[in-house]
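The lines below spell out each chain.
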Amino acid sequence: MKVADMHCDTILAIQRGREQGKEISLRKNNLNVDLERMKKGDYLIQNFAIFLDLEDPMLAGSPFRYAMKMADVFYREMEKNKDWIRPVTKYEEIEENRKNGRMSALLTLEEGEICEGDPALLRDFYRMGARMMTLTWNYPNQLGYPAKATGGEFAGKAFSEAGYGLTARGIEFLEEMENLGMIIDVAHLNDAGIRDVLKFTKKPFVASHSNARHLCSHPRNLNDELLKAIGERGGVIGLNYYAYFLRDWKDGETVVSRAEDIVAHAKYIRDMAGIEALGLGSDFDGMNGELEIASPADMEKLEDVFKKNGFAKMPEWDLIKALSFPSVLSWSDSRAFPLNAVITGTPPKQYIECMADLSDGTVLGIKALNAEYTGDITVQYSYDGETFTDESAMA
């Protein structure tokens, strides 16, 4: 078992504690996530979000400035704990950490307004190591609209109408994120916005901490259409452990986030989007309520429930590495393969497949189908009578 968790809000929790005069360490604390419990849970990588609530008075009118304070918390904790964990920006660094007995941390952004509508600030976050961003949180912003607003003038409104798609600035950010190689995260985004992501992008993207709306009707969850579309694109959906995204609770019921409910969503998402679209996105330190899976130390318990429900294993890192760090598995990112290219090479063809982009008739690259293969790959493809060769070492 090697756990890859696509979302937690632990950095904000540490920052909040320090603002109250508490010295909270990532190594050991009373939050959901700390390094000791990550180690016990056999974590390979944890995504740590810089998360902002736009109505938080601590932002003092500058989301970017406050985000930089949180980034400082993240990197100071990485430096203090570099014997156990190190930040990564590409897959090779995860493998290096694993081989040296260390865990990995990926810096992500939650709330597109963190960039204050300026693509230059997006590029700055990329330069400092951020590799994934949600376009919204729970408020409308310069990029788009949330699934449901939790505050401000639109408090309680579900932006379900087709007219609430991404803004022109939001579409501009999509293009810039794809150019940079920053993963687009549609968690919190409304349906029309997600459809715009599908329309205006070519690469896979994620819903880092979302569930299936068929099982829980909250608009934050994904309907069948979007589950299937994300799976067909090669994306990943991270299971969210928050009780109110797991079930529609009846009056008088005891509200508890249970492992069985998490796995029920896993089964449904697998059936709709495919097993390779299934990931984990706990939302640790970003939710309240009673949790049966309350920390990374409980991963063995969660894996047991997965196995009891017919899964060979819990979703692991090998199911998302082709998406999160495509430079390793797709060695021609800068050039699309023609859809009718004839692919041959070593290893045998059953180990590889083209990732098709049906919208414009190109293939985005080649990914491994068999995570057990660790040798070198040489792929030849022929098109219009010419033969081309690409070589790459597989991690």
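**Points about the overall build of the protein chain**
Counting its regular elements, the protein chain contains 12 helices and 17 strands. Counting over 395 residues, the protein chain shows a buried share of 55%. Across the protein chain, the fraction of contacts at a sequence separation of at least 24, relative to all contacts at a separation of at least 6, is 66%. Only carbon and sulfur atoms are counted for the fraction: they give 47% of the accessible area of the protein chain, which is about 16,700 Å².

**What about the pattern of salt bridges?**
Overall, the coordinates contain 19 salt bridges when judged by the stated rule. Arg16 is the salt-bridge partner of Glu19, the closest N and O atoms lying 3.1 Å from each other. Taken together, the residues span about one helical turn, with Glu19 and Arg16 both in helix H1 (residues 10-19) at a distance of three residues. Overall, the relative accessible area of 32% leaves Glu19 in the partly exposed class. Of the charged contacts in the structure, one is a salt bridge between Arg127 and Asp124, with a shortest N-O distance of 2.6 Å. With Arg127 and Asp124 both in helix H5 (residues 119-127) and three residues apart, the pair spans about one turn of that helix. Owing to a relative accessible area of 32%, Asp124 belongs among the partly exposed residues under this scheme. In this structure, a network of salt bridges that share partners links the residues Arg18, Glu23, Glu77 and Lys80.

**Quick look at the packing of helix H9 (residues 259-273) against helix H10 (residues 299-308)**
It is at 9 Å that the axes of H9 and H10 come closest, and there the two elements cross at 55°. As far as their axial angle goes, H10 and H9 are oblique. Regarding H9 and H10, the two cross each other, and that crossing is right-handed. Along its contact with H9, which presents Ala259, Glu260, Ile262, Val263 and Ala266, the element H10 presents Leu302, Val305 and Phe306.

**Description of H9**
The terminal C-alpha atoms of H9 lie 21 Å apart, and with 15 residues this matches the ideal 21 Å at 1.5 Å per residue to within 8%. Of the residues making up H9, those classed as buried are Ala259, Asp261, Ile262, Val263, His265, Ala266, Tyr268, Ile269 and Ala273. Looking at the buried side of H9, the elements it contacts are helix H8 (224-233), strand S8 (236-239), strand S9 (256-257), strand S10 (278-280) and H10. Looking at the residues trailing H9, positive phi occurs at Gly274, about 100°.

**Quick word on the packing of aromatic side chains**
Throughout the structure, instances matching the rule amount to 13 aromatic pairs. Taking 4.8 Å as the distance between ring centres and 70° as the angle between the ring planes, the aromatic pair formed by Tyr145 and Tyr164 counts as edge-to-face. One end of the pair, Tyr145, is in the loop between strand S5 (132-134) and helix H6 (168-180); the other, Tyr164, is in the loop between S5 and H6, and 19 residues separate them in sequence. For the ring pair Phe159 and Tyr164, a centre distance of 4.9 Å and an interplane angle of 80° mean the geometry is edge-to-face. Classification of Phe159 as buried rests on a relative accessible area of 1%. Assessed through its relative accessible area of 23%, Tyr164 is described here as partly exposed. Taken together, the aromatic side chains of Tyr145, Phe154, Phe159 and Tyr164 make up a single cluster linked through ring pairs. A cation over a ring is seen here: Lys39 above Trp84, with NZ or CZ 4.2 Å from the ring centre. Directly above the ring of Tyr126 sits Arg131, whose terminal nitrogen or CZ lies 3.6 Å from the centroid.

**Details of the nonpolar core**
Phe48, Met133, Leu135 and Leu302 are the most contacted members of the largest nonpolar core, which totals 87 residues. Apart from residues lying up to four places away in sequence, Leu135 is in contact with Glu111, Gly112, Asn141, Leu143, Leu166, Leu174, Met177, Ile184, Asp185, Leu189 and Val197.

**A short note on the environment of Ile184**
Following the sequence through the fold, Ile184 ends up in strand S6 (residues 183-185). Note on Ile184: relative accessible area 3%, which makes it buried. Each C-alpha atom of the pair Ile184 and Val197 lies 8.5 Å from the other, and the pair is 13 residues apart in sequence. Contacts of Ile184, omitting those with residues within four sequence positions, involve Met133, Leu135, Leu174, Met177, Glu178, Val197, Thr201, Phe205 and Val206.

**Quick notes on the pairing of S8**
Burial of S8 is two-sided: the residues Val236 and Gly238 facing one way and the residues Ile237 and Leu239 facing the other way are all buried. Looking at chain direction, strand S7 (residues 206-207) and S8 are connected through two bridges and run parallel. Note that in S8 the partner of Val206 across the bridge is Val236. Traced from S7 through H8 to S8, the parallel crossover comes out right-handed. The sheet contact formed by S8 and S10 spans three bridges and is parallel.

Criteria and cut-off values
Residues numbered from 1 in each chain as written. Predicted model: local features only at pLDDT ≥ 70, side-chain atom pairs only at ≥ 80, totals over all residues. Heavy atoms only, no water. Helix = DSSP H or I, 4+ residues; strand = E, 2+ residues; numbered from the N terminus. Buried < 20%, exposed > 50% of the residue type's maximum accessible area, 1.4 Å probe, protein only. Contact = heavy atoms within 4.5 Å. Areas by Shrake-Rupley, 256 points an atom, 1.4 Å probe, with all protein chains shown as cover. Salt bridge = Lys/Arg side-chain N within 4 Å of Asp/Glu carboxyl O. Axes fitted to C-alpha atoms, helices over the stretch in contact; angles between N-to-C directions. Parallel < 35°, antiparallel > 145°, perpendicular 65-115°, else oblique. Left-handed = near helix turned anticlockwise from the far one by under 90°. Expected span 1.5 Å × (residues − 1). Phe/Tyr/Trp six-rings, centres within 6.5 Å; stacked < 30°, edge-to-face > 60°. Lys NZ or Arg CZ within 6 Å of the ring centre and 35° of its normal. Core = buried A, V, L, I, M, F, W, Y, C linked by side-chain atoms within 4.5 Å. Pairing = 2+ DSSP bridges. Right-handed = clockwise from strand over helix to strand, strands pointing away.

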